[in-house]
Each structure stands twice: as C-alpha cells, then as structure tokens.
Amino acid sequence: MRTRKKMLQATLAIAIGGILLWPEPGRTMEAADAPETVEINSLARLYSGVDFNHAMHTEIASCVQCHHHTTGGEVTDPNCIRCHAKSGEADTVSCKECHSSDRFSKDDLSKRDNPALYHIDKPGLKGAYHLNCVTCHQKTGGPTGCQDCHTMTEAGEKMFQTGQHAPSETTGGEHSGH
Amino acid sequence: MKTTVSRRTFIKGGLAGTVVATVLPEKKSQAATFEGYPDGMGVLVDLTRCVGCRSCEAACNEEQKLPQPDKPFDDFSVFDEIHHGQKRRTDETRYTVVNRYDVPGLDHPLFRKIQCNHCQEPACLTSCFVNAYTKTPEGAVIYNPNVCVGCRTCMIACPFNIPTFKYSSAFNPRIMKCIFCYDTRLKEGRPPACVEACPQEALTFGKRNKLLEIGRQRIRETPDKYEDHIYGEHEVGGTAWMYLSSVPFDQVGFDTHVPKEPILNYVKDFLGIVPMVLTVWPALFAGFHLLATRKDWLKNKNEDTHEEE
C-alpha cells in the first residue's frame, strides 16, 4: 500500500536523520593526561607563586569541579547544563585563557557591556583561583590560611605592614578607636 | 510730613511676601527625582565570598597614605576587639574595616567590610552648609577639606556613621572618609585599591546598573546561597556600594531600618522654608516691632520737641 510505503520511508528518513544529527559525544580528557604539578605564579607579587600538586588533586576531585565544562566531563551544575551539557572538550583548559588577569580594567568592563553576553559575572584570574581553591578547602578541611599555600613576599610584608615592616611597640600603642 | 506705610498695608505686604516665598519653592528641586548618574560606578560586596583576610584594609591604608596601624594587617586578633561595646569602625586612621560576625546556626563566621557606601543622594552632602561634599558622575562622594569648617554635621547626618573627624588636627578641620579612591583611581576608570587587592573577588567593581544585574543573577542562579535582597539597591535612596548576604542582613550588622528613600526627602520641606524664614521673617517682625513701638516713639519725639521749645 502506498501509505504504508510512505510511512516506512518517513520512518527510515527520520532514523537516518537522527543518526546523522546525533551529537557526537564530546571528547573527554583523562586525568592521566594532566601535568603532575602546575606552577601558578602569573600574578605573584604580594605572595609567592603556588606549586600546585595537580596529580594529588585529581585523586580527590573530579576534573569538572575545577575546570567546569572545559575538560569535556559531565557537567552537573544546573546553571551550566543549560548550555554546556554536551559542549565537549574545550580548546584550552588553562584558567587564564578564560579568566582575565586584568579584571575591572576599562577593557574588561567594556567587554562585559555586551548585552548578548551571559557570563557577565565571570571572575578574574585571581578571583577564579581563590574562589575555586578556598571554597573547596573550606568544605573539605584543606588549608585555608593565606600562607598555607603561598608565602608572603617582601612586597607583601610592606603592604600588610607585618614582619620586618610591622608597627614597632613604641609607635604602635593602644588605639582608642573613638 | 513724609508718607509712611500704614500698618495694614505693611502687614498685608509682609504676609503676601511670606505666601509667595512659601509657594515659590514648590517648583520641585532636581534632587526630588534624581536617580543617580546613569554611568555611576559602584562595588558589589558579596559576604558569602569574604574570608576576612584584611587585604582590602592594607591596600586602602597604602593607597590613601593613612597612618601606620597599631597591629599588622595580617593580625586577625582585631576581629575580637570591642570598643565602647561596638566592633571596629572607620576612623581617622582607616577608611575601611572588616568585622567578623559569628552567626548562630552557621558553621563558619561571616565577614563584612564597611566603608563609605557612596549614596546616590548623600545625607552628608545635603547636611553640609559649605558644600564640602560632591557626588561625582563617576559615583564617588568626595570631600573638600579646604572649605570644611569642622561642624561635623555630616557625621550626624550619615545613616551609616562613616565620616569621622580628625581630632588630631582640630584647628585645621578635616573629615576622614573613604573617597572611592577618586583622585588616584576612579577618575581614570580604575577600581579602588581595596577591590584590586581582594583575592576572593568578594568586591565586584562596575557600573552600578550592571552590578544590580550581576547581583540578581547570583541570587537567581543560586537561591539557596543568598538572601533575596541587595542591600543598597533602595536603602536611603540607593547606594553605589551594595551588599549580598547569605543570612538576614541584620544578623551581620546592617541597619535594616534605614529608610528606602533619601534622607534628604525627610528634611527637604523644612529646608525649603529656611531661606524664607531667614529673609522675610526678620523684615516682617522688625516691621511689627517698629509699628508697635511707633506711638511711643512719636510721643517721645513730641515731648522732646516740646521740651526744646
């Protein structure tokens, strides 16, 4: 019968089309591909850089916990899933490729004026590091003191007026506080 | 005899003048509808992010060349300090202060940074009779020490108790308060020193309108994390510095009873009468007095002339 033939054709077309259009499962990085340690020092000024033990952290956390959707792993955050459920592995997984080190500069702020931009609230590089690390360390009992991860430099001691720049006993004195 | 104004005409004129003076200020001042400069900048402070590292305090001290503190900025014992029954506050040696709040039922403390909130319609500015304060189009409330007479009315007017007096230089009066790093940074479009120093990006710098969008996005996407309120969006008519919190704002030291409209609105009607009172009333009542004593004066004058004769 004509109708049956048509139906078969239609079903076949849908099936083939479906297979063709089926999204290719995004490639996923393996933790084993990652470096053993990562030196995080591009912003080091008041504190020295961090020798980040990447290998150790891959044992206690999944890739997506820090790298979001970029490693191609399964995204669980409901806000991210909306767009990144199947976005697959990104071209880069390095923090600084997405999180700008000149956050709040005129340039950075004007880029965020784009009305089509969803990520208007993406932290800068320094914020991204600390929000990622500190938030997890607080939850899991990891180190949270500033100098637990990076020691203060001399420039830091000057700004924080501590160490060799600490207020001396004679000039300090009790502050009334009004 | 020269013509004199009759008592009736004088009173009529005086009253008419008073009425006119009262009616004239009815033309609304611009302040009544001012909603802030459209491109004014601000800072969104997210209490859920602050870890109390005091980097902002250190950066502020350095940027504003403030005096050496009593304790280093990496000394966290300051969070236990209580002065006159209160936590630390801003004073002539510090424009910003971070305080710790142990909220019942929360397994970790919260930290709140205080500084000038840079109101859209600042009460300090309104109260200052020498116009020492200016709200700049960039969003900062700045202060001019050259015209300040040291009356300290701004300290009383501020709903957040921010301006402080430099008691160490009372003869050269100077109010000390956060100026949003206006001279050194904001004027050039750069963020204040505290924002740049914050490791946690607990301080987000941007156009005030944009910050409201960001704040709402954070609340909308993580509703369990935040109180559904941006403190400073409407408080005292809106402030350039605004706050997000995970607990009710009164539990972390915020005054939740401040009005939702500018302080100015409460005193505007009264202040509108002041020029009239100062100009019309003296003439009016001096006239009353002269008229009331005119008979005596004429009598005395007549007596004097009689005596002379």
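Residues numbered from 1 in each chain as written. Chains lettered and ligands numbered in written order. Predicted model: local features only at pLDDT ≥ 70, side-chain atom pairs only at ≥ 80, totals over all residues. Heavy atoms only, no water.

Engineer: I tried to follow the confidence of the model for chain A on my own but got confused; where do I start?
Structural biologist: When pLDDT is averaged across chain A, the result is 85; 81% of the residues are at 70 or more. Every residue in residues 171-178 of chain A scores below 50 in pLDDT, and together they form 19 contacts with partners more than four places removed in sequence or on other chains. (pLDDT = per-residue confidence, 0-100. Contact = heavy atoms within 4.5 Å.)

Engineer: When you look at the environment of Ile214 of chain B in this model, what are you seeing that I'm missing?
Structural biologist: Residue position: Ile214 of chain B is located in helix α6 (residues 208-221). Judged by relative accessible area, Ile214 of chain B falls into the buried class, the value being 4%. Sequence separation of Ile214 of chain B and Thr204 of chain B is ten residues, and the distance between their C-alpha atoms is 9.2 Å. With residues near it in sequence (within four places) discarded, Ile214 of chain B still touches Ile120 and Asp121 of chain A together with Leu44 and Thr204 of chain B. (Helix = DSSP H or I, 4+ residues; strand = E, 2+ residues; numbered from the N terminus. Buried < 20%, exposed > 50% of the residue type's maximum accessible area, 1.4 Å probe, protein only.)

Engineer: Teacher, can you tell me more about the interface of chain B and chain A here?
Structural biologist: Where interface size is given, it is often the accessible area lost as the parts come together that is meant. Across the contact, 46 residues belong to chain B and 38 residues belong to chain A. Taken together, both faces of the contact between chain B and chain A bury some 3400 Å²; the carbon and sulfur share is 52%. When the area that chain B buries against chain A is broken down by residue, the three leading residues are Asp70, Glu201 and Glu221 of chain B, summing to 17%. At the junction of chain B and chain A, the tally comes to four salt bridges. Close ionic contact of Asp113 of chain A with Lys207 of chain B constitutes a salt bridge, the shortest N to O distance being 3.6 Å. Inspection of the chain B/chain A interface yields 14 residue pairs in polar contact (both at pLDDT 80 or more). Put simply, the parts of the chain that give the side of chain B that touches chain A at least two residues each are α2 (55-63), α5 (193-197), β8 (203-207) and α6 of chain B. (Buried area = accessible area lost by both parts, 1.4 Å probe. Salt bridge = Lys/Arg side-chain N within 4 Å of Asp/Glu carboxyl O. Polar contact = N/O pair within 3.5 Å; in protein donor to acceptor, adjacent residues only side chain to side chain.)

Engineer: Which parts of the structure should I look at to understand α6 of chain B?
Structural biologist: Side chains of residues three or four places apart in an α-helix project in the same direction, reflecting 3.6 residues per turn. A rise of 1.5 Å per residue sets the reference length of α6 of chain B, with its 14 residues, at 20 Å; its end C-alpha atoms lie 20 Å apart and thus fit the reference within 8%. In terms of burial, α6 of chain B is largely enclosed, as ten of its 14 residues are buried. Looking only at α6 of chain B, the buried set comprises Arg208, Lys210, Leu211, Leu212, Ile214, Gly215, Gln217, Arg218, Ile219 and Glu221 of chain B. Buried residues along α6 of chain B sit in contact with α4 (78-84) of chain A together with β1 (41-46), β8 and β9 (241-244) of chain B. (Expected span 1.5 Å × (residues − 1).)

Engineer: Would you mind showing me how to read the pairing of strand β3 (residues 110-114) of chain B here?
Structural biologist: All names here are of chain B. Most of β3 is tucked away: five of the five residues are buried. Relative to β3, strand β2 (residues 97-101) is paired through five bridges, and the arrangement is antiparallel. Its bridge partner being in β3, Val98 is matched across the sheet by Lys113. (Pairing = 2+ DSSP bridges.)

Engineer: Even after reading the chapter, I still don't get the sheet that holds β9 of chain B, so can you show me in this structure?
Structural biologist: What holds strands together in a sheet is hydrogen bonding between their backbones, with the strands either parallel or antiparallel. Residues and elements named next belong to chain B. Pairing within the open sheet is mixed, and its three strands lie in the order β8-β1-β9. Pairing within the sheet leaves two strands with one partner each, and these edge strands are β8 and β9. Neighbour-to-neighbour, the strand axes of this sheet turn through a mean angle of 25 degrees, independent of strand direction. Seen against the sheet, α6 touches β1, β8 and β9 and runs at an angle of roughly 130 degrees to β8. (Axes fitted to C-alpha atoms, helices over the stretch in contact; angles between N-to-C directions.)

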